[in-house]
Amino acid sequence: MLNIYNTLTRQKEAFVPLNPENVRMYVCGMTVYDYCHLGHARVMVVFDMIARWLRHSGYPLTYVRNITDIDDKIIARAAENGETIAELTARFIAAMNEDAEALGVLRPDVEPKATEHVAQMIRMIERLIAKGKAYAADNGDVYYAVREFAAYGQLSGKSLDDLRAGQRVEVDGFKRDPLDFVLWKAAKPNEADFWDSPWGRGRPGWHIECSAMGGELFGDTFDIHGGGADLQFPHHENEIAQSVGALGHSCGHTHGGKTIESHVKYWLHNGFIRVDGEKMSKSLGNFFTIRDVLKAYDPEVVRFFILRAHYRSPLNYSDAHLDDAKGALTRLYTALKNTPPADFTLSEEANDYTRRFYAAMNDDFGTVEAVAVLFELAGEMNKTNSAELAGCLKALGGVLGLLQREPQAFLQGGSTGGLSNEEIETLIARRKQARADKNWAESDRIRDLLTAENIILEDGAGGTTWRRG
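Since the structure is predicted, the reported quantities are computational estimates derived from the model, not experimental observations. (Residues numbered from 1 in each chain as written. Predicted model: local features only at pLDDT ≥ 70, side-chain atom pairs only at ≥ 80, totals over all residues. Heavy atoms only, no water.)

It is worth spelling out the overall build of the protein chain at this point. Of regular secondary structure, the protein chain possesses 16 helices and 17 strands. Summarising its shape, the C-alpha atoms of the protein chain cover approximately 90 × 55 × 35 Å along the three principal directions. Classification of the 469 residues of the protein chain by burial places 52% in the buried group. Considering only contacts within the protein chain whose residues lie at least 6 apart along the sequence, 71% involve residues at least 24 apart. Accessible surface computed for the protein chain: about 20,600 Å², of which carbon and sulfur atoms make up 49%. (Helix = DSSP H or I, 4+ residues; strand = E, 2+ residues; numbered from the N terminus. Buried < 20%, exposed > 50% of the residue type's maximum accessible area, 1.4 Å probe, protein only. Contact = heavy atoms within 4.5 Å. Areas by Shrake-Rupley, 256 points an atom, 1.4 Å probe, with all protein chains shown as cover.)

Printed below as a string of structure tokens:
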């Protein structure tokens, strides 16, 4: 039985889908005005892992990850670049897909764009106004009346009074309450992209986008909603208020004898990326795009680095941690190189390793313990040279999107500079000839040269093999 931590109830719960024949998961995707950063990488890899495990466990999953392609930052960046919004977003959607593919992230089943669902957003706003949950202001904006949703704050654990006391933003004179949030923004004079609506020309607010797209694709209720921890409040809190407020349906979840008002049964949030203990941010100058990191590290190393931490825990980024991840993944691939795997039919009861791996993954996607099982397997393989265990290691790694390359391709890859593979092979051939000629000085010189280039030679009965350090 799969158990997952539900942010909504703050406890682990057995995963019981609303409809076992149609499991539905929606994840908040990227706002496409720039290259994806490591925080985006974690969201992509974590929910790719979760989708893979759900499918491996036999659940018929539909995975949706949206694309926000209209937003204040997008409008500002397009104007700054002197290009249209469509040109900007198309370019960064393509870059996002390249980054995701490099990290071994499978494409979601559906990737809805906000700009393609504005009509649905307008209809949802109209329903909210009709139900007294929202109001049109004199400035052309439309706001959600937070105090009209009694359950507001249940996801974040914040009360309305606490939120009001902690309110720091300048009060908008057009709002009835400082906590009210915008559903529709009136077009500004300098904005070229807008839509007609009952309240005049404008564009949707950010929060309404996911409510409308989720409702359009999944209906009034669905199983899982995911995203980064930074979205828990206010974005996901606002989504619940909008969706339940407009559609009037809750998934029927209860906690502590009380019915929870949410259109989603399970809310999952991955932890922050930190750099030397601080949250990664441009303002702190510790901001890294996926492309920055992939210039120095193999994409599978980055994926492994993300997955060997539990998805809900903070993940501390540093070169030292990535170097450690590279060394660890190298050990797994070296075991597979030394013991070629046999075909292996993966099942929970195949052996003790699979039982413990499945138990770990079924305990809130416990990749830390699951990865530990992989290393135990590799250690046993090194002792026994068991092709069956090697097949088991490769199969279990595949569930996480790891260890599917030819070992030698991984061990000899991952470098964007220095000596090419062909140059390395040529030097090894020259060293072999020097050793045959008993020219030990030349042999040592070549080894030293390769060592300086971080090339590790391994002399064995079958000849010399090499890998990048």
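Let us now look at the nonpolar core. Of all hydrophobic cores here, the largest spans 133 residues; its most connected members are Met25 and Phe357. In terms of residues, this core owes the most to one element, helix 1 (residues 38–56), which gives twelve residues. Here this core gathers at least three residues from each of two domains, domain 1 (3–135 + 148–170 + 207–273) and domain 2 (319–408). (Core = buried A, V, L, I, M, F, W, Y, C linked by side-chain atoms within 4.5 Å. Domains from an automatic or database assignment.)

Here, UniProt's "domain: Cysteinyl-tRNA synthetase class Ia DALR" (unreviewed entry) annotation points to residues 356–411. Within residues 356–411, the helical portion is 77% and the strand portion 0%, while the C-alpha atoms at the span's ends are 28 Å from each other. (UniProt positions renumbered as here; feature names shortened; annotations may be inferred.)

Here we come to helix 10 (residues 319–338). Its 20 residues place the ends of helix 10 28 Å apart at the C-alpha level, agreeing with the 28 Å of an ideal helix rising 1.5 Å per residue. Along helix 10, the positions that sit buried rather than exposed are Leu322, Ala325, Ala328, Leu329, Thr330, Leu332, Tyr333, Thr334, Ala335 and Leu336. (Expected span 1.5 Å × (residues − 1).)

Glancing now at the layout of surface pockets. One number sums up the size of the largest pocket: a volume of about 980 Å³. Along its surface, the largest pocket is lined by 34 residues, and His37, His40, Lys73, Asp230 and Leu231 are the ones closest to its centre. Of all the secondary-structure elements, those providing two or more residues to the lining of the largest pocket are helix 1, helix 6 (206–218) and helix 7 (232–247). For the lining of the largest pocket, the per-class residue count stands at 16 nonpolar, twelve polar and six charged. (1 Å grid on protein atoms, 1.4 Å probe; cavity = no way out; pocket = protein on both sides within 12 Å on 5 of 7 lines; lining within 4 Å. Points joined across faces, edges and corners; volume = space filled by probe spheres on them. Nonpolar A, V, L, I, M, F, W, Y, C, P; charged D, E, K, R; others polar.)

Among the secondary structure elements, Glu111 is positioned in the loop between helix 3 (85–102) and helix 4 (118–130). At a separation of 3.4 Å, a polar atom in the side chain of Glu111 contacts the side chain of Arg65. Polar contacts involving the side chain of Glu111 include one to the side chain of Arg107, which spans 2.7 Å. For Glu111, the residues in contact, after removing those within four places along its chain, are Arg65, Ile67, Met96 and Asn97. (Polar contact = N/O pair within 3.5 Å; in protein donor to acceptor, adjacent residues only side chain to side chain.)

As a further point, take the pattern of salt bridges. Any two side chains of opposite charge can pair, on the condition that their charged atoms come close. Counting across every chain of the model gives 28 salt bridges. Residue Asp177 pairs with Arg147 through a salt bridge whose shortest N-O separation is 2.9 Å. Taken as a pair, Asp177 in the loop between helix 5 (160–165) and strand 7 (181–186) and Arg147 in the loop between strand 6 (142–144) and helix 5 lie far apart in primary sequence, 30 residues in all. Judged by its relative accessible area of 9%, Asp177 is buried. (Salt bridge = Lys/Arg side-chain N within 4 Å of Asp/Glu carboxyl O.)

Our next topic: the sheet that holds strand 15 (residues 315–317). With mixed pairing, three strands are arranged side by side in an open sheet as 14-13-15. Every other strand in the sheet has two partners, leaving strand 14 (278–279) and strand 15 as the edge strands with one partner each. Inspection of the sheet shows strand 13 (residues 273–275) paired to strand 14 by two bridges, in the antiparallel sense. The residue of strand 14 that forms the bridge with Arg274 is Lys279. (Pairing = 2+ DSSP bridges.)

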